[in-house]
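Notes for the structure review
Given next are the chains, with one letter for each unit.
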Amino acid sequence: MSGVVFRETVRRHVRNGLYVVLLVVIAALALTCGALGGPSGFWMGFVTLAGVILGCQLIGPEFSSGTLQLVLAKPVNRTSYLLSRYAGVVVAVAIYLAVPAVFDVAGRVFVNKTSFAKEMFVAPLNTAIAYLMTAALLVFFGSFTRSYLNVALYFLTQTILYMTGGALSAIETGSFAISPFFKKHPEFHDALRQVMRNVFPSATQEIDWRWMLMVVSNAAVVLLLASLVFRRREVPYGAD
Amino acid sequence: MSGVRVRGLRKSFAAQQVLLGIDLDINPGEVVGLIGPNGAGKTTLMSCLLGFLFPNEGEITIDDRPADDLPIRARTGFVPERMNFDRRATGRAFLRYMARLTRVDNPDDRVERLLARVDLAQAAKKPLSQYSRGMLQRIGMAQALIAEPDFLFLDEPTSGLDPNGVMLVREIIAEERQRGAAVLLNSHQLAEVERVCDRVLFLSKGLIAQSETLRHAEGIPIAITLLGGEIVRLTVANEEAIAGEVRRLVESGAGVIDVRRQSADLEQIFRSTS
C-alpha cells in the first residue's frame, strides 16, 4: 500500500464539490428517515449508487487522461497503486455511510424512536462490507479497460446474471422441451444463485459472520486477479 | 553510472510491427534527440524505455538495471507531450504529490525551488484547470525534475510554449546535461533539436535510419571557406578559438570569406530518411 496514493485518493474525493453535496443530501435523507422512523435501507440505496459512481473513476479514466502514466513513471509499485486507490475509494464511501448513520440515529433519538441500538449500526456495516466487493469488481474491470468502461462491464455482468436467472426460472416453471431437464436438475439454478450471491452480495439486516467472511474473501480474490492483470497491462501514453 | 542501453528492441501491436530492432545508447551527460515522421515509433520507443510497454524482443537497461526497476524510476524523469492530472489540484499540490511519490527529501523545499525555476511561483496557488498549455508544459517539466533525475525522457517538451518558455526548457536541458543526466528528447522541432542535442537519431519505419553527431566531445567542428574556394575543416575547443583560427589563416596570407559551424542538415536528413 502506498500511503501517498491512498491519501491523495481520499483527498481528491472529499474535496470534490459533488462529493460534499451528495454527502449533505444523503445525511438529510438519513435524518428524515430517522425522524420519521422510516427504513434506513432507503438512504443506503443512495450510498450504494454513489459508491458505484466513485468506484467507476478507478484506473480507467486515469489511463485515458494520461494521469496514470505520469504516476507509473514514478517509483510506484503497480499492485500497491491499485490497492491504495481501492482503499481510498472504500474510505470515501465509508464516510458516506458513517456520517448519515449518525444523522439517522440522531433523528430517531430526537423523536424518541429507540429501536436503533443494534440495527442502526448493523445495516451501514453490512452495506460497507458489500461495497468492498462492488469496488473490487470495479477495480478488476478497470484493470484492463479504459475510461468508464469498468462501470459498463459491472452493470452488464449484473444484467446478464439476473437475466439468466430469470430465464432459468421461466424455463423451470414453463412447458418448454428443456423444462423437465431443469426441473430434474435444480443444481444449475442453485449454482447461478450462488454465483450471484458471491459476485453481487446484498447487505443483510443482521450480523452474519459467515456472510461477511465470504464477501471479504471474494473481494480479496477479485483484487488479487485485478493486480495480476494490472501488473501485465501496457499503458501507452497518448492512447486516447 | 552507466547510461541507457537498448539492444535489439522489437515491439509489435497485433500484426503491426512498430519497432523492428532498435539499438540505442545514451551516455550520462549526453542529450540525444529522437526525430522521425509520425508513426515512426518514437512514442512506442519512449513508452518501452519508461516501462509502459513491454518489448516483444530485445533488452533495455538503465544503469545496468531493467527499465521498470523501481529504484531506477526514482532516478528517472518523464515529461509527457500533454500533461494531465486532476484539474482541481493546484500547481503546488500537484508537485507536492509528485515529490512524495518520488520520495524526495524535503519535498516542500524542493517544490518551491522548482516552482521558481519554471516561473510558476506566482501561479502555484491556482488550480491546474486555470493553467494555459504552456504553463502545464512547464509544470510537467518541474515534476520530471523533482528528484534531480539521472535519466530524463522528454516528449515534445516545448510544444505549446512561448519563446520564453522554449528558452527556459533549453536552459534546463543544458543544466541537466551539465549535471550529468542522460537525456532523450523526442521532438518535431528540428531547430530546437539542433540547438540542444549532442546527437540525433532519425527513426523511420521502426528502425534507426541514421545517427548524426551534432556536438563532438573534443570541440566544435567548423568550416572556413577561403578566397579561392578551398574549404578548411577543423575542430576548435570553444567559440573564442574560432576567432584565433581565422586570425591565424589571415596572418598566413589566406583570404577568408566565410566561417560556419559545421552541422548536419537535419531537414535534409529528415526528408531522405522519412
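Residue positions are counted from 1 within each chain, in the order its sequence is given. Written order decides the labels, with chains lettered from A and ligands numbered from 1. Confidence filtering applies because this is a predicted model: local features only for residues at pLDDT of at least 70, side-chain atom pairs given and counted only at 80 or more, and all residues used for totals across whole chains, interfaces and linings. Each side-chain value is worked out from all heavy atoms of the structure, with water and hydrogens disregarded.

**Digging into the overall build of chain B**
Only runs of H or I of at least four residues qualify as helices and only runs of E of at least two qualify as strands under DSSP, and these elements are numbered from the N terminus. Helix and strand counts for chain B stand at nine helices and 13 strands. By principal-axis analysis of the C-alpha atoms, chain B measures approximately 70 × 50 × 35 Å. Taking all 274 residues of chain B together, the buried fraction comes to 51%. Contact definition: two residues touch when any of their heavy atoms are within 4.5 Å. For chain B, contacts bridging at least 24 residues in sequence account for 65% of all contacts bridging at least 6. For the exposure calls, accessible area comes from a 1.4 Å probe over protein chains only, and a residue counts as buried if that area is under 20% of its type's maximum, exposed if over 50%, partly exposed in between.

**Observations concerning the sheet that holds strand β13 (residues 256-261) of chain B**
Residue and element names in this part refer to chain B. At least two bridges found by DSSP between two strands is the condition for calling them paired. Spatially, β12-β11-β13 is the arrangement adopted by the three strands of the open sheet, whose pairing is antiparallel. Lying at the two open borders of the sheet, with one neighbouring strand each, are β12 (231-236) and β13. On average, adjacent strands in this sheet sit at an angle of 25 degrees to one another, irrespective of strand direction. Of the pairings in the sheet, the one linking strand β11 (residues 220-226) to β13 comprises five bridges and is antiparallel in character. Paired with I222 across the strands is R261, a residue of β13. For helices, the fitted line uses only the C-alpha atoms of the stretch in contact; every axis is such a line through C-alpha atoms, and the angle between N-to-C directions lies from 0 to 180 degrees.

**Points about the sheet that holds strand β5 (residues 65-66) of chain B**
Residue and element names in this part refer to chain B. Pairing within the open sheet is antiparallel, and its four strands lie in the order β2-β1-β4-β5. The open sheet has two edge strands, β2 (16-26) and β5, and neither has a second partner. Summarising the sheet, strand β4 (residues 57-62) and β5 pair through two bridges and their orientation is antiparallel. When the sheet's bridge partners are listed, T61 is paired in β5 with P66.

**Notes on helix α4 (residues 107-117) of chain B**
Residues and elements named next belong to chain B. Where α4 is concerned, the buried positions are P107, R110, V111, L114 and L115. All buried residues of α4 lie within an arc of 135 degrees about the axis, which places them on one face of the element. Residues of α4 that are buried in the fold lie against α3 (91-101) and α5 (133-144). The directions considered for the arc are those from the helix axis to the C-beta atoms.

**Quick word on the domain arrangement of chain B**
Residues and elements named next belong to chain B. As used throughout, domain bounds are those supplied by an automatic or database domain assignment. Here the domain parsing of chain B yields domain 1 (4-213) and domain 2 (220-273). With centres defined by C-alpha atoms, the gap from domain 1 to domain 2 works out at 34 Å. Listed as interface residues are 11 residues of domain 1 and, on the opposing side, seven residues of domain 2. The quantity reported as buried area is the accessible area (1.4 Å probe) lost by two parts once they are put together, taken as the sum for both. In total, domain 1 and domain 2 occlude about 850 Å² of area from one another, counting both sides; carbon and sulfur atoms represent 75% of this. On the domain 1 side of the interface with domain 2, the three residues burying the most area are L190, E194 and F202, jointly 52% of the side's total. We define a salt bridge as a side-chain nitrogen of Lys or Arg found within 4 Å of a carboxyl oxygen belonging to Asp or Glu. Applying the counting criterion to the domain 1 and domain 2 interface returns zero salt bridges. For this analysis, a polar contact is any N or O atom pair within 3.5 Å, provided that within protein one partner can donate a hydrogen and the other can accept it, and provided that sequence-adjacent residues contribute only side-chain to side-chain pairs. Inspection of the domain 1/domain 2 interface yields zero residue pairs in polar contact (both at pLDDT 80 or more). Looking at the side of domain 1 that touches domain 2, the elements with two or more residues in it are α7 (190-196), β9 (199-204) and β10 (207-213).

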